[in-house]
Amino acid sequence: MNVEQDGLERAVREELSRRAAMPHATVPDPADAVIRRAKRIQRRRAVTGMSFAAVAMVMVSAGATQLGQEPPPNGTRVVIGEREQPPEVTWTPTAPAPSPANGTPLAEVDLVLGEAIATAQGRRVSIAGVGRIERAHRLADGRGWLVVSAPGLAGRFLWAVSPTGAVQVLLAGADEIVVDAEGHQVAWKQGSVLASARIINGELSPAARAEVPAEAMPLRIVEGAVLVRLAPDRPGHALWRLHPGVFEPGTDRSTSRIFGALPDGRLVGEVVTGTATCLTLLDPAGGLAPTGPECGPRLDGDGLGSVSPDGRWLLANGRSDDGDKALLVDLARLDRPVKPVVAGPAISGAVAWSTPSTAYYHADTVDRLARVDVDRATKGASPTLIALTGWPPDQPPVVVSHGG
C-alpha cells in the first residue's frame, strides 16, 4: 500500500512538471485580466488627454504639427484655460443709423469680434482660445455656431460653439472647410483627399472620401453635393456627389467664380466668353452649363460676395467708375442691359444677409462695418457705416452667416 501511494505521488509530480514545461499559455486569472484591461483603458485616456492638450497648445500658439486626415473623436470637448469676460464693444454709426426691430446694440447679425461672438440680441459669448476665426455660421433654433479658423501651420479647425460658449473641435488639420447653409453638412480637403460628412447631434457621421487633384478646393455645398474649384488660376468647377473614391472633374472650363445659389437650385456665377467675363445662371444638374443670359453684367471683381436668401439680389465686389466697390445686381433682370448699382466700399470677407433686403459686411478700406439697405442703395443712397471700438485692431470683425 505504501509503495502504491509513493508511486501515485511520484506520478502526480511528474505530470505537474510535464505540464509546467509545456509552451502553451495557462488559463488567465479573471481578476488579473480585469486589472490589465483597466490599466490599458487608463493609459489610452491619458494619451487622449495629452493629445487634446496638444491640440489646445496648437490653437494657442499656431503650432507646427499636422494633425492627420481623420477628425478627432466625435463629441470631444476641449477646455482651454479659464474663460475671461469678453471686452465691451461699442459702435458708432457714421451714416444714418439702422432701426433694428430687436434693438440690437451692434448689428442685426452676429459678429465675431476677436475672442467673442456679439449676437444680434446683444449677448457676448466668449470663444477665447479657439484661435483666429475666418468664417462663422449661426445654426438654426438657437443651437449655437460653427466656426472655421483661419489657416495656420496646423491647418484649419472646425469648432462647434454652444449658446453658453462651450466649444468642441469637429475637424482639425484641414486645408479647407466649407459648411452648408443649414449647418447640417460639412466638406473638407486635406492633401489629395476630399471628404464630406453630416453633422448629427454635434458629431460627424462617417465621411465619404475621394481622391482629388492637389490644387482643387471645395467651394460650397449645393443640395448635398460638393462644389469644387478645379484650380485657383484658371476657370472650371465640378460637383462631387459624394461617390466614395470617385471624383469626376466634369467638362466645365468656363466658370470663373460662383457666388451662391437661387432657391430653385441654379447657381449664380461668372463665365468667361471670349475676352469678357459675364454674370449668368448655371445649371448644377447639367454640368454647370449656363441657363441664363449668354453674357450678363460684368463685375470684374475678386469673387467676394453673396446672393440674398430670396435669390433676388447679388452683392459682390466689382469694378465701378470710382474703382473697386461693392456692387448690387438685380438677378431678376440679368437678361437686360442694367448696370450694377454701387452699394458701398469694397467687401472684405463674408457677406451676411439679415433679411432678403439687408446685408452686412466688413469694409477694410474704411475699417467699418457696412450695412446695405437694398431700397436705399437702388435710389443712390450711401450705406450705413458702423465704426466698432474695443476689439483687437489686428482682427477685423467677421459677420456670421445665418442657418436655415
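The sections below set out a description of the structure shown in this document. (Residues numbered from 1 in each chain as written. Predicted model: local features only at pLDDT ≥ 70, side-chain atom pairs only at ≥ 80, totals over all residues. Heavy atoms only, no water.)

**So, the overall build of the chain**
Note the threshold: A run of H or I in DSSP counts as a helix once it spans at least four residues, and a run of E counts as a strand once it spans at least two, with each numbered from the N terminus. Buried means the residue's accessible area, taken with a 1.4 Å probe over protein chains only, is under 20% of the maximum for its type, while exposed means over 50%, and partly exposed covers the values in between. Between two residues, a contact is recorded if the distance between any of their heavy atoms is within 4.5 Å. For the area figures, the Shrake-Rupley method with a 1.4 Å probe applies, and any residue is considered shielded solely by the protein chains shown.
Counting its regular elements, the chain contains 3 helices and 29 strands. Here the chain holds 404 residues, and the buried ones make up 44% of them. Once local pairs closer than 6 in sequence are excluded, the contacts in the chain between residues at least 24 apart make up 43%. Accessible area for the chain stands at about 20,500 Å²; split by element, carbon and sulfur atoms hold 54% of it.

**So, the state of the cysteines**
The following threshold applies: Any cysteine sulfur atom paired with another within 2.5 Å is treated as part of a disulfide.
For the structure shown, the criterion picks out 1 disulfide. Linked covalently through their sulfurs, C278 and C295 form a disulfide whose S-S length is 1.7 Å. In this structure the cystine formed by C278 and C295 twists about its S-S bond by roughly -50°; its chirality is therefore left-handed. Taken as a pair, C278 in strand β19 (residues 276-283) and C295 in the loop between β20 (289-290) and β21 (305-307) lie far apart in primary sequence, 17 residues in all.

**Some remarks on the side chain of H237**
Tracing the sequence through the fold places H237 in strand β16 (residues 237-240). Classification of H237 as buried rests on a relative accessible area of 1%. Contact partners of H237, with chain neighbours within four places excluded, come to L219, L227, V228, R229, L230, P249, D252, T255, S256, R257, I258 and L288.

**Section: the sheet that holds strand β4 (residues 124-126)**
Worth spelling out the cut-off: In this scheme, strands are said to pair when DSSP sees at least two bridges between them.
With antiparallel pairing, the 4 strands of this open sheet are ordered in space as β4-β3-β2-β29. The open sheet is flanked by β4 and β29 (398-399), the only strands paired with a single partner. For strand β3 (residues 116-118) and β4, the ladder comprises 3 bridges, and the chain directions are antiparallel. Bridge assignment links A118 to a residue of β4, and that residue is R124.

**What to know about unusual backbone geometry**
One non-glycine residue with positive phi stands out, namely N201, at about 55°. Among the secondary structure elements, N201 is positioned in the loop between β11 (193-200) and β12 (203-204). One non-glycine residue with positive phi stands out, namely L288, at about 65°. Summarising the element assignment, L288 is placed in the loop between β19 and β20.

**Describing the nonpolar core**
Put simply, the test is: Remark: nonpolar core denotes a set of buried residues (Ala, Val, Leu, Ile, Met, Phe, Trp, Tyr, Cys) joined through side-chain atoms within 4.5 Å.
Of all hydrophobic cores here, the largest spans 18 residues; its most connected members are V112, I127, W145, V147 and W159. Every element with two or more residues in this core is listed here: β5 (133-138), β6 (145-149), β7 (156-161) and β8 (167-174). Every residue in contact with V147, bar those within four places of it in the chain, is listed here: I133, R135, A136, F157, L158, W159 and V161. One finds A343, Y361, V374 and L385 within the second-largest nonpolar core, a separate group that totals 16 residues.

**Observations concerning the sheet that holds β20**
Spatial strand order, β17-β18-β19-β20: 4 strands in an open sheet with antiparallel pairing. Looking along the sheet, the strands with just one partner apiece sit at the ends: β17 (255-261) and β20. In terms of strand pairing, β19 meets β20 through 2 bridges, oriented antiparallel. Pairing of D283 across the sheet is with A289, part of β20.

**Quick notes on the pattern of salt bridges**
Test applied: In what follows, salt bridge is the name for a side-chain nitrogen of Lys or Arg lying within 4 Å of a carboxyl oxygen of Asp or Glu.
Scanning all chains against the criterion turns up 14 salt bridges. R371 is the salt-bridge partner of E108, the closest N and O atoms lying 2.8 Å from each other. Here R371 lies in strand β27 (residues 368-373) and E108 lies in the loop between β1 (90-93) and β2 (111-113), a separation of 263 residues in the sequence. Residue class for E108 comes out buried when judged on its relative accessible area of 18%. Linking D264 and R266 is a salt bridge whose minimum nitrogen-to-oxygen distance equals 2.9 Å. You can call R266 partly exposed: its relative accessible area is 28%. Each member of the salt-bridge network shares a partner with another, and the members are E134, R135, R156 and E176.

**Section: the packing of aromatic side chains**
To keep things clear, this is the line we draw: For Phe, Tyr and Trp, where Trp contributes only its six-membered ring, two rings pair if their centres lie within 6.5 Å, and the inter-plane angle classes them as stacked under 30 degrees, edge-to-face over 60, or tilted in between.
Tallying each qualifying case throughout the model produces 1 aromatic pair. Aromatic pair F157 and W159: ring centres 6.3 Å apart, planes at 20°, arrangement stacked. For F157, a relative accessible area of 2% gives the class buried.

**Looking at the pairing of β17**
Burial analysis of β17 places 5 of its 7 residues in the buried class, which makes it a mostly covered element. As defined by bridge partners, β17 adjoins strand β18 (residues 267-273) across 5 bridges and the pair is classed as antiparallel. Note that in β18 the partner of T255 across the bridge is V271. With antiparallel pairing between neighbouring strands as the criterion, β17 and β18 make up a hairpin whose turn holds 5 residues, including G265 at a positive phi of roughly 100°.

**Some details on the environment of P309**
By the secondary structure assignment, P309 is in the loop between β21 and β22 (313-320). Remark: the alpha-carbon pair of P309 and W353, spanning 44 residues in sequence, is separated by 7.2 Å. With residues up to four places along the chain from it excluded, the contact list for P309 reads P263, W353, T355 and P356.

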